[in-house]
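# Fold and contact review
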Amino acid sequence: MPLSCSQLSVFYGRRKALNSFNLDLKPGEIRALIGPNGSGKSTALQAIAGLITSHEGQVEINGKPAREMSRRTLAKQLAFLPQQPSAPDEMTVEQLVRQGRYPHVGLFRSYSSHDERAIEWALESTGLANLADRSLHELSGGERQRAWISAALAQEAQILLLDEPTSFLDIGFQVEVLNLVHRLSRERGVTIIIAIHDINQAISISDRISLLEKGHLLFDGEPDELAGSGLIEKVFRVRGNFVRIAPGSRPHFDIEFIRSQITVSPAGK
Amino acid sequence: MTVSAPVHRPSLFGPLLALLAMMVLVLVAAVFLGVADIPPGDVAAVLTGHGSDEARSIILDIRLPRIVTGILAGIHFAVAGLLLQTITRNPLADPSIMGISQGATLAVTVFLVFTVYISEPGSNTLAALPLAWLPAIGTLGGMAAGGLIYVLAFRLDLGPLRITLCGIAIGAVLHAAAIGLIAGWGSARIEILLEWLSGSLYARSWTHALFLVPFTIAGLAALPALRRSIDLLRFDPTVARSFGLSYRKQFSIVLLLSCALAASAVGAVGPIIFVGLVVPHLARFLVGRHFALVLPLTIALGAFIVTLGDLLGRLLGQAEEIPIGVITALFGVPVLIALLRKIP
């Protein structure tokens, strides 16, 4: 099992931001992590990546406790992309992606041809080969987000944690990121956890879904089960129905909007 | 697929060569020009191992050690500034803003007050001042201030902006304490401290240069081993750590190195302000995105600017020379303002 965590708890002061979180991933699995704002998605990802201290429970990577690994050893096996990361202004795309090789080269070893190929591959996979020499601040939001994903890819880790990688992207780039995630999982066997807000994207891309609310794991199962559970409407305080657009397709959550019947006459009459 | 237009990137070779030529020129001028008028022929004679005793003494015992001390101190301030700006991710960080210079100042002041005033009350002779100890004492004081910043940064888990603000606050307190001590001190000996406080290369001897050399060598030797962590420390800790950096360890090493460089330089020549702040910006501005060149250029420019500043101070002031710290402040401000307009 590439990644498993058991009874993981994180406190922020006295508030329990994550409460006995359990997770077991199969190799190459895509796991969507969903939940309202402040439900503990980012906390869970950061605790798994060892970036914040978990006060209870433990994370195991390929059967070994992550707590005992050095940052470099961990980074070879697990890449984490935080929400809205920031980079030094004048850094170029290629320079950012190159940082992803740090766990492999360390402080002293020079870049081998394998390292250079990994950087090239990471740039090409995200469609950035042409923009490699651009400064990050010259890029659009979507391009910058892809540059960060590219840096995480350059780590060549078998586990990839993505914290809302599609936020702030237009729908075209969102789909591009999700396609890339799917390709990595199926073609390279990368195990992926993706925190994501869009329920339908979560359902259509993932093998399994974990649903968090106020730090508690409410649901852990396949997308079809989630559709039948009625939890989405309850947790997100919305009304809607799961529908199947085509036979055999995954369920699609159709939200009901409340449309006001009152219309105001235009200002100034 | 997005196709990017090829961006025109001017070659750096020409400007860098011109810079190198300028550096050599200033270095030569610094050796040949000075308050004492020595004909160029005599200077050349001294440099080749001949010349009169008087000329030899002026060139070999006064000008050369002064230039070498200045070069070393310039390198120290510039590299320390670059490192501090990197690890605090704050473009304003520099030894005198982060409290390191003030720590050194306070230590030197306290030391002078105790050794001179306490042991020989009433003595007003400058000769009694234990000047030889000043570099070491200043270094210790600067390192102590750096240690304080380190403790605050990690104990209170401060972000980059708050580390800088903390450094400013610590610096202000230490500075006030030093000024308070000076104010309550005998007037005759204030001069030596005032001269030191303004950052001066006056009467710096080979002893000062030799004091700095071990720090310079250790510092420059450590830099290649730290180049990758320096790149990664420019990111916020979450990102740097997920790229595999042992953030705290590397942060500590780089902070220790910058404190040692800055504190030893302050100890030897006093706080030469603005060099640590301006030089890294100037280097980044000149080489832009060629990351690998920023560090070597910072080193070169640090040496160059202090040599140039000291030469100007010696020539403009004539017998009453202007301390290098005053020159760097006067010229540093307009340069900084000009750079701020260009920096994205």
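## So, the overall build of chain A
If you tally the helices and strands in chain A, you get ten helices and twelve strands. In summary, chain A has a C-alpha radius of gyration of 20 Å against a globular reference of 18 Å for 269 residues, a match within 12%. With respect to the three principal axes, the spread of C-alpha positions in chain A is 70 × 50 × 45 Å. By residue count, 42% of the 269 residues in chain A fall in the buried class.

## Here's the deal with the overall build of chain B
Along its length, chain B carries 13 helices and zero strands. Taken from the N to the C terminus, the helices and strands of chain B come in the order α-α-α-α-α-α-α-α-α-α-α-α-α. A buried classification covers 45% of the 344 residues belonging to chain B.

## A closer look at the pairing of strand E1 (residues 3–12) of chain A
All names here are of chain A. Two strands pair when backbone bridges link them, and E1 and strand E2 (residues 15–25) are joined in this way by seven bridges, in the antiparallel orientation. Opposite Cys 5, over in E2, you have Leu 23 as the bridge partner. Strand direction decides the pairing type here: E1 and strand E4 (residues 56–61), joined by five bridges, are antiparallel. Bridging across to E4, Ser 4 finds its partner in Glu 60.

## What about the environment of A:Ser39?
Residue and element names in this part refer to chain A. As for its position among the elements, Ser 39 is in the loop between strand E3 (30–34) and helix H1 (41–48). Of the residues examined, Ser 39 has 24 C-beta atoms within 10 Å and is grouped as buried. Sequence separation of Ser 39 and Thr 126 is 87 residues, and the distance between their C-alpha atoms is 30 Å. With residues up to four places along the chain from it excluded, the contact list for Ser 39 reads Leu 212, Glu 213 and Lys 214.

## A look at unusual backbone geometry
All names here are of chain A. A positive phi angle is found at Asn 62, which is not glycine, with a value near 50 degrees. The backbone of Arg 237 shows a phi angle near 55 degrees, a positive value even though the residue is not glycine. If you trace the backbone, Arg 237 turns up in the loop between helix H10 (231–236) and strand E11 (240–244). The exposed category is assigned to Arg 237, around which 7 C-beta atoms lie within 10 Å.

## Focus: the confidence of the model for chain B
Residues and elements named next belong to chain B. Averaged over every residue, the pLDDT of chain B is 82; residues scoring 70 or more account for 88%. Here helix H7 (residues 190–197) stands out as the element of chain B with the lowest mean pLDDT, 72, in contrast to helix H9 (residues 237–242), whose mean of 92 is the highest. With pLDDT under 50 throughout, residues 1–8 is counted as low confidence; its partners more than four residues away or in other chains account for seven contacts. Here the prediction assigns the complex a pTM of 0.85, and the interface score ipTM is 0.88.

## What about the domain arrangement of chain A?
Residues and elements named next belong to chain A. Taken domain by domain, chain A consists of domain 1 (1–69 + 158–269) and domain 2 (92–156). Relative placement of domain 1 and domain 2: their C-alpha centres are 26 Å apart. Contacts between the two partners involve eight residues from domain 1 and, on the opposite side, seven residues from domain 2. For the side of domain 1 that touches domain 2, the element with the most residues is helix H7 (residues 171–188), which contributes three residues. Here the residues of the side of domain 1 that touches domain 2 sort into seven nonpolar, no polar and one charged.

## Remarks on the interface of chain A and chain B
Listed by partner, the interface residues are 29 residues for chain A and 24 residues for chain B. Of all the elements in the fold, those that place two or more residues in the side of chain A that touches chain B are helix H2 (71–77), strand E6 (78–81), helix H3 (93–99) and helix H4 (102–105) of chain A. Looking at the side of chain A that touches chain B element by element, the count peaks at three residues for H2(A). When its residues are assigned to classes, the side of chain A that touches chain B shows 14 nonpolar, ten polar and five charged.

## So, the packing of helix H5 (residues 134–155) of chain B against helix H6 (residues 160–183) of chain B
Residue and element names in this part refer to chain B. Between H5 and H6, the shortest axis-to-axis distance is 10 Å and the interhelical angle comes to 140 degrees. One element, H5, and the other, H6, form an angle in the oblique class. Considering the relative orientation of H5 and H6, their crossing is right-handed. Residue-level inspection shows Ala 145, Leu 148, Ile 149, Leu 152 and Ala 153 of H5 in contact with H6, the latter providing Ile 163, Cys 166, Gly 167, Ile 170 and Leu 174. By residue class, the composition of the contact of H5 with H6 is nine nonpolar, one polar and no charged.

## Focus on H7(A)
Residue and element names in this part refer to chain A. The end-to-end C-alpha separation of H7 is 25 Å, in line with the 26 Å expected for 18 residues at 1.5 Å each. Among the structural elements, E3, helix H6 (141–154), strand E8 (191–195) and helix H8 (199–205) are those in contact with the buried residues of H7. Of the residues one or two after H7, Gly 189 is the one with positive phi, at around 65 degrees.

## Digging into the packing of helix H3 (residues 53–87) of chain B against helix H12 (residues 291–317) of chain B
All names here are of chain B. Running from amino to carboxyl end, H3 crosses H12 at an angle of 135 degrees, the nearest separation of the two axes being 7 Å. With respect to H12, the element H3 is oriented oblique. Note that H3 runs across H12; the crossing there is right-handed. Only Leu 295, Thr 298, Ile 299, Leu 301, Gly 302, Ala 303, Ile 305, Val 306, Thr 307 and Asp 310 of H12 make contact with H3, whose side of the interface consists of Ile 67, Gly 70, Ile 71, Ala 73, Gly 74, Ile 75, Phe 77, Ala 78, Val 79 and Leu 82. Of the residues in the contact of H3 with H12, the class split is 14 nonpolar, five polar and one charged.

## As for the nonpolar core
Within the largest apolar cluster, 164 residues are counted, with the highest numbers of intra-cluster contacts made by A:Leu78, A:Leu161 and A:Ile194. The element contributing the most residues to this core is H3(B), with 15 residues. Taken together, domain 1 (1–69 + 158–269) and domain 2 (92–156) of chain A each give at least three residues to this core, which thus spans both. When residues no more than four places from it in sequence are discounted, the contact partners of A:Leu78 are A:Ala49, A:Ile61, A:Ala157, A:Ile159 and A:Leu161.

## A few points about the environment of B:Met22
Within the fold, B:Met22 resides in helix H1 (residues 13–32). Considering only alpha carbons, one finds B:Met22 and B:Phe304, 282 residues apart in sequence, at a separation of 8.8 Å.

## A look at the environment of A:His216
Residues and elements named next belong to chain A. Within the secondary structure, His 216 sits in strand E10 (residues 216–221). What makes His 216 partly exposed here is the crowd of 15 C-beta atoms within 10 Å. Taking the C-alpha atoms as reference, His 216 lies 7.8 Å from Ser 39; in sequence the two are 177 residues apart.

Reading the values: rules and limits
- Residues numbered from 1 in each chain as written.
- Chains lettered and ligands numbered in written order.
- Predicted model: local features only at pLDDT ≥ 70, side-chain atom pairs only at ≥ 80, totals over all residues.
- Helix = DSSP H or I, 4+ residues; strand = E, 2+ residues; numbered from the N terminus.
- Rg over C-alpha atoms; globule rule 2.2 N^0.38 Å.
- Buried ≥ 20, exposed ≤ 12 C-beta atoms within 10 Å, placed from the backbone.
- Pairing = 2+ DSSP bridges.
- Contact = placed C-beta atoms within 7 Å.
- pLDDT = per-residue confidence, 0-100.
- Domains from an automatic or database assignment.
- Nonpolar A, V, L, I, M, F, W, Y, C, P; charged D, E, K, R; others polar.
- Axes fitted to C-alpha atoms, helices over the stretch in contact; angles between N-to-C directions.
- Parallel < 35°, antiparallel > 145°, perpendicular 65-115°, else oblique.
- Left-handed = near helix turned anticlockwise from the far one by under 90°.
- Expected span 1.5 Å × (residues − 1).
- Core = buried A, V, L, I, M, F, W, Y, C linked by C-beta atoms within 7 Å.

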